[in-house]
Amino acid sequence: MKANTNSSVMRSSQTKVVVENTAQIIFTICAVVAILAVFSITLYMFLKGVPAFADVGVAEILFNPVWEPTAQNPSFGILYIILTSIVGTAMAIILGVPIGVLTAVFLSEVAPKKLAAAVRPAVDLLAGIPSVIYGLLGLMILNPFMYKLEQIIFENSPTHQFTGGANLISAVLVLVIMILPTVINISQSALQAVPKSLKDASFGLGASHIQTIFKVQMPAARSGIVTAIVLGIGRAIGEAMAISLVSGSSVNPPFPFNSVRFLTTAIVSEMGYAADTHRMVLFSIGLVLFVFIMVINIVLTKILKGEKHDA
Amino acid sequence: MPNSLIKKKSRIQDTVLYICIYFSAAISVLLLIGIIGYVLVKGIGSINLEFLTKATSAIDGTTGIAGNIINTLYIIVITLLIATPIGVGSAIFLNEYAKPGRFVRIVEFTTETLAGIPSIIFGLFGMVFFGNTLKLGYSILSGAFTLTLMILPLITRNTQEALKTVPNSYRSGALGIGATKWYMIRTILLPSAMPGIITGIILAVGRIVGESAALLFTAGSGYILPKTPIGYFTKIFESGGTMTIQLYLSMSKGQYSIAFGIAVVLLVIVVGINFLTKFLAKKFDTGRRD
């Protein structure tokens, strides 16, 4: 009798150990999924993106401005596409970051509590709106407006190719709207994390509220604001659907009123019908984009790490 | 608010900066009001019973997005069924089991990286890996697998945040009275972290509903309703475009009334999700304070 109970206790503790170990193994496997995912995405992007570089030539793709993938003598230069992504993203950041940071200042420092409580959900909603809706609105509102502007500016220009308003500026404006929520939210939490003692000290020395914000609190929140900018860059350079119809449909150097292709929009609009080398080059474009994003990610991790060391 | 003892000296720069600040904030709010207003005005007329319950068909002469709504639901359910356990499990590992070290750093770095990869890259990867290598082609399954990778960080992070707010006394209390670790996680931690996990899931639904670039080359653009009951099962191996994809396609074909109709439906969903997460967050907060 006694021996029996003993053995059952033993057995149940053995099952417990098995269950415990299984649980731990399953959780570990779950954690490995993220590693596997990033690893295989990287692997596939290189596997699919590199062959075109080998076939066509690195310089022929990266430094050649002529993009005529379906011509008799096809040319696969993506120089203008890369430049468009860089210039477009830079313009979106230059326009969007000041608006975003100042809105963050408004929310965390200037606005009365009730007003801030009303504006914050608006910002969250902006973040949640699907990117195709921004694209739809850009197409319906921005493009006609840009077309009018275009007609006025280039009225007497014999060389200008009219785009119907689908141009770099339209795309940049859509991007500005799309990065706003990211920039606002992250700068806002950075500003709120600044110790109140700094603010009080500044006031105590006789600084005005504005001086305190711009000379004390913003420098103290610097790393957070830089994070916001880097994330904004990532968002802008990776956005595809919102700008694919707004930015036009031909590859041109990135001047404001030109119809342009971004890295992302080139993939979206041509992947559907591309074949052979053309398709391979589209994957190379994907690889270029992927490399940009990885660099941004690594920069971001460095910044965040630096922040931890400061604290 | 500091009040100078004598009359406040007003500085020109201050006034200018105040104007800039108010102007910027006004832009953000006006944008939102403008966007919602414009979409509602343009799209509300397209919404009727037929639009929501029939698929577009030249033979029946109907215009509708029922097929796309079904596809969206399929993708949401399948994606969440796979991503939630993995994401939650990963968060439990990071928060409860892992000892700080290289492995944890790699898991955290890759989770961050996944969150930063643009959806078009997920789309390309999904197309070649799930579509070509695993031979799923353009199918709902292919799209759902792709989105699983995309929303994984969202669920992991939200669960992790929720687990962090569970007081340590809960853990030591449970372990102290003899509970095993898994029992403690199952009966104490997960229920306490549930609002956070649910918030993550709802945010993920929002992300899935709004996603387009990752689905265009994986789930494809089918919009037809399955004709037989069995069709509803085999549907997951067939191409199926979500509402967002249909919006994009309609827009590129110039069918703006359909596009705006879908936009209205999407906005309603997004607003709903926003309120739901706010509501949960509030409930969660007061629950903690008590």
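Above: the structure in question.
Parameters at a glance
- Residues numbered from 1 in each chain as written.
- Chains lettered and ligands numbered in written order.
- Predicted model: local features only at pLDDT ≥ 70, side-chain atom pairs only at ≥ 80, totals over all residues.
- Helix = DSSP H or I, 4+ residues; strand = E, 2+ residues; numbered from the N terminus.
- Rg over C-alpha atoms; globule rule 2.2 N^0.38 Å.
- Buried ≥ 20, exposed ≤ 12 C-beta atoms within 10 Å, placed from the backbone.
- Contact = placed C-beta atoms within 7 Å.
- Expected span 1.5 Å × (residues − 1).
- Arc of directions from axis to C-beta.
- Nonpolar A, V, L, I, M, F, W, Y, C, P; charged D, E, K, R; others polar.
- Axes fitted to C-alpha atoms, helices over the stretch in contact; angles between N-to-C directions.
- Parallel < 35°, antiparallel > 145°, perpendicular 65-115°, else oblique.
- Left-handed = near helix turned anticlockwise from the far one by under 90°.

A few words on the overall build of chain B. Counting secondary structure elements, chain B contains 12 helices and two strands. Listing each helix as α and each strand as β along chain B from the N terminus yields α-α-β-β-α-α-α-α-α-α-α-α-α-α. Here the C-alpha atoms of chain B give a radius of gyration of 24 Å, more than 25% beyond the 19 Å that 2.2 N^0.38 yields for 290 residues. With respect to the principal axes defined by its C-alpha atoms, chain B has extents near 75 × 65 × 35 Å. For chain B, the proportion of its 290 residues judged to be buried stands at 45%. Long-range contacts, defined as pairs at least 24 residues apart, comprise 74% of the intrachain contacts of chain B with a sequence gap of at least 6.

Looking now at helix H4 (residues 102-116) of chain B. All names here are of chain B. The first and last C-alpha atoms of H4 sit 21 Å apart over 15 residues, in line with the 21 Å expected at 1.5 Å per residue. Taken together, the buried positions of H4 are Val107, Thr110, Thr111, Thr113 and Leu114. One side of H4 holds all its buried residues, which, seen down the axis, span an arc of 160°. Relative to its buried face, H4 has exposed residues pointing more than 90 degrees away, namely Arg102 and Arg105.

One frequent convention defines the size of an interface as the accessible area lost when the parts assemble. Tallying the contact residues gives 66 residues for chain A and 66 residues for chain B. Of the residues forming the side of chain A that touches chain B, the biggest block, 20 residues, is contributed by helix H1 (residues 2-56) of chain A. Residues that form the side of chain A that touches chain B fall into these classes: 48 nonpolar, 14 polar and four charged.

Here we take up the packing of helix H7 (residues 168-176) of chain B against helix H8 (residues 181-210) of chain B. All names here are of chain B. Between H7 and H8, the least distance of the axes is 10 Å, while the angle of their chain directions is 160°. Overall, the two elements H7 and H8 adopt an arrangement that is roughly antiparallel. The way H7 lies across H8 gives a crossing that is right-handed. In this structure, H7 uses Tyr170, Arg171, Ala174 and Leu175 to contact H8, whose residues at the interface are Met184, Ile188 and Ser192. Among the residues making up the contact of H7 with H8, the classes are represented as five nonpolar, one polar and one charged.

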